[in-house]
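Listed below, chain by chain, are the residues.
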Amino acid sequence: MECYKEEIFGPVLLLMEADSLEEAISIVNGNKYGNGATIFTRSGVAARKFQTEIEAGQVGINVPIPVPLPFFSFTGNKASFAGDLNFYGKAGVNFYTQIKTVTQNWKDSDSEDKINMAMPTSQKS
């Protein structure tokens, strides 16, 4: 599809299915862009392999969108927009460094199937 061949910034979700973790990594790395990718898994081993082997600047693990919080820099790889032109945060200093931001969400097996995306706050008694 065109949304796989072109990097689209908008309300678009590209979803692809792979038969194995190795095939998923190959699909991500075979694309000329390297903005971001997400994996949904219960395996810490699979998550670590995915986050270290894919060529993407923003990695999501069990989160729907791998966009980091504002205090992290935008991190793209390869032909992605601003892939080597990170313009704010520490990335402005590390112009030639390949940066990878990982966002993760792990739930206890006993917890409900709901995700709380709110920022933690301190509670005073």
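Bear in mind that the values here come from a model prediction, so they are computed numbers and not experimental data.

Caption draft 1: Focus on the overall build of the chain. Within the chain one finds 3 helices and 5 strands. Reading the helices (α) and strands (β) of the chain from amino to carboxyl end gives α-α-β-β-α-β-β-β. Of all 125 residues assigned to the chain, the portion counted as buried reaches 30%. Nonlocal contacts in the chain, meaning residues at least 24 apart in sequence, comprise 52% of its contacts between residues at least 6 apart. Accessible surface computed for the chain: about 9,300 Å², of which carbon and sulfur atoms make up 56%.

Caption draft 2: Structural context of the sheet that holds strand β2 (residues 36-39). Strand order in the open sheet formed by 3 strands is β2-β3-β5, and the pairing between neighbours is parallel. The outermost strands of the open sheet, each flanked by one partner alone, are β2 and β5 (101-104). Pairs of neighbouring strands in the sheet enclose a mean axial angle of 15 degrees, with direction left out of account. Across 4 bridges, strand β3 (residues 58-61) lies against β5 in parallel orientation. Across the sheet, Gly60 pairs through a bridge with Thr103, a residue of β5.

Caption draft 3: Representation of the side chain of Asn35 within the structure. Its place among the elements puts Asn35 in the loop between β1 (33-34) and β2. One polar contact links Asn35 to Gln58, side chain to side chain, over a distance of 2.7 Å.

Caption draft 4: How the structure looks around the environment of Arg48. Along the chain, Arg48 turns up in helix α3 (residues 44-53). Using a relative accessible area of 53% as the deciding quantity, one classes Arg48 as exposed.

Caption draft 5: Local environment of the pattern of salt bridges. Evaluation of the coordinates by the stated rule reveals 1 salt bridge. For the salt bridge of Lys49 with Glu53, the shortest nitrogen-to-oxygen distance reads 3.0 Å. Of this pair, Lys49 and Glu53 both sit in helix α3, 4 residues apart, roughly one helical turn. You can call Glu53 partly exposed: its relative accessible area is 38%.

Caption draft 6: Just the environment of Met1, in detail. Of note, Met1 is situated in the segment before α1 (2-5). By relative accessible area, Met1 is classed as exposed at 75%. Once the C-alpha coordinates of Met1 and Leu14 are considered, the two residues, 13 residues apart in sequence, prove to be 9.3 Å apart.

Caption draft 7: Structural context of the packing of helix α2 (residues 21-30) against α3. Here α2 crosses α3 at 20 degrees, and the two axes come no closer than 10 Å. As far as their axial angle goes, α3 and α2 are roughly parallel. Here α2 runs over α3; the crossing is right-handed. Each of Leu21, Glu22, Ile25, Val28 and Asn29 in α2 lies in contact with α3, whose residues at this interface are Ala46, Lys49, Phe50 and Glu53. Split by residue class, the contact of α2 with α3 holds 5 nonpolar, 1 polar and 3 charged.

Criteria and cut-off values
Residues numbered from 1 in each chain as written. Predicted model: local features only at pLDDT ≥ 70, side-chain atom pairs only at ≥ 80, totals over all residues. Heavy atoms only, no water. Helix = DSSP H or I, 4+ residues; strand = E, 2+ residues; numbered from the N terminus. Buried < 20%, exposed > 50% of the residue type's maximum accessible area, 1.4 Å probe, protein only. Contact = heavy atoms within 4.5 Å. Areas by Shrake-Rupley, 256 points an atom, 1.4 Å probe, with all protein chains shown as cover. Pairing = 2+ DSSP bridges. Axes fitted to C-alpha atoms, helices over the stretch in contact; angles between N-to-C directions. Polar contact = N/O pair within 3.5 Å; in protein donor to acceptor, adjacent residues only side chain to side chain. Salt bridge = Lys/Arg side-chain N within 4 Å of Asp/Glu carboxyl O. Parallel < 35°, antiparallel > 145°, perpendicular 65-115°, else oblique. Left-handed = near helix turned anticlockwise from the far one by under 90°. Nonpolar A, V, L, I, M, F, W, Y, C, P; charged D, E, K, R; others polar.

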